[in-house]
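# Descriptive analysis of the structure
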Amino acid sequence: MFPCTGISTINITNDPIEGVKGADVIYTDVWASMGQKESLETRKVDFANYQVVLLLLLLLLQGVG
């Protein structure tokens, strides 16, 4: 257990670049689940701009956003 509580902030945004600004952690989830194979191609298009890619990681490391 950590002695400091209440010091974390969770920001939810639709802008991946804004989302990494000042971040210590990037969390993501899968957007294609078992049993949803019929919608996989649509999801690939819909979520293409929300992938954690090298550019986002570089921005995170540089503190730019």
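Owing to the predicted nature of the structure, the values given are computational and were not obtained by experimental measurement. (Residues numbered from 1 in each chain as written. Predicted model: local features only at pLDDT ≥ 70, side-chain atom pairs only at ≥ 80, totals over all residues. Heavy atoms only, no water.)

## Focus on the overall build of the chain
What the chain contains, in helices and strands, is three helices and zero strands. Secondary structure elements in the chain, listed N-terminal to C-terminal, are α-α-α. The proportion of buried residues among the 65 residues of the chain is 6%. A total of about 6,000 Å² of accessible surface is found on the chain, and carbon and sulfur atoms cover 59% of it. (Helix = DSSP H or I, 4+ residues; strand = E, 2+ residues; numbered from the N terminus. Buried < 20%, exposed > 50% of the residue type's maximum accessible area, 1.4 Å probe, protein only. Areas by Shrake-Rupley, 256 points an atom, 1.4 Å probe, with all protein chains shown as cover.)

## A look at the pattern of salt bridges
Per the stated rule, a full pass over the model turns up two salt bridges. With its nearest N and O atoms 3.5 Å apart, the salt bridge here joins K21 to E18. Relative accessible area serves as the criterion here: at 39%, E18 is assigned to the partly exposed category. Among the ionic pairs, K44 bridges to E41, the shortest N-O distance being 3.5 Å. With a gap of three residues between them, K44 and E41 both fall in helix α2 (residues 40–46), about one helical turn apart. (Salt bridge = Lys/Arg side-chain N within 4 Å of Asp/Glu carboxyl O.)

## Thoughts on the environment of N11
Structurally, the position occupied by N11 is in the segment before α1 (16–20). Given a relative accessible area of 66%, N11 falls into the exposed group. Considering only alpha carbons, one finds N11 and A23, twelve residues apart in sequence, at a separation of 9.2 Å.

## Looking at the packing of aromatic side chains
Scanning the model with the defined rule gives one aromatic pair in all. With a centroid separation of 6.5 Å and an interplanar angle of 70°, the aromatic rings of F47 and Y50 are classed as edge-to-face. The class for Y50 is partly exposed, based on a relative accessible area of 38%. (Phe/Tyr/Trp six-rings, centres within 6.5 Å; stacked < 30°, edge-to-face > 60°.)

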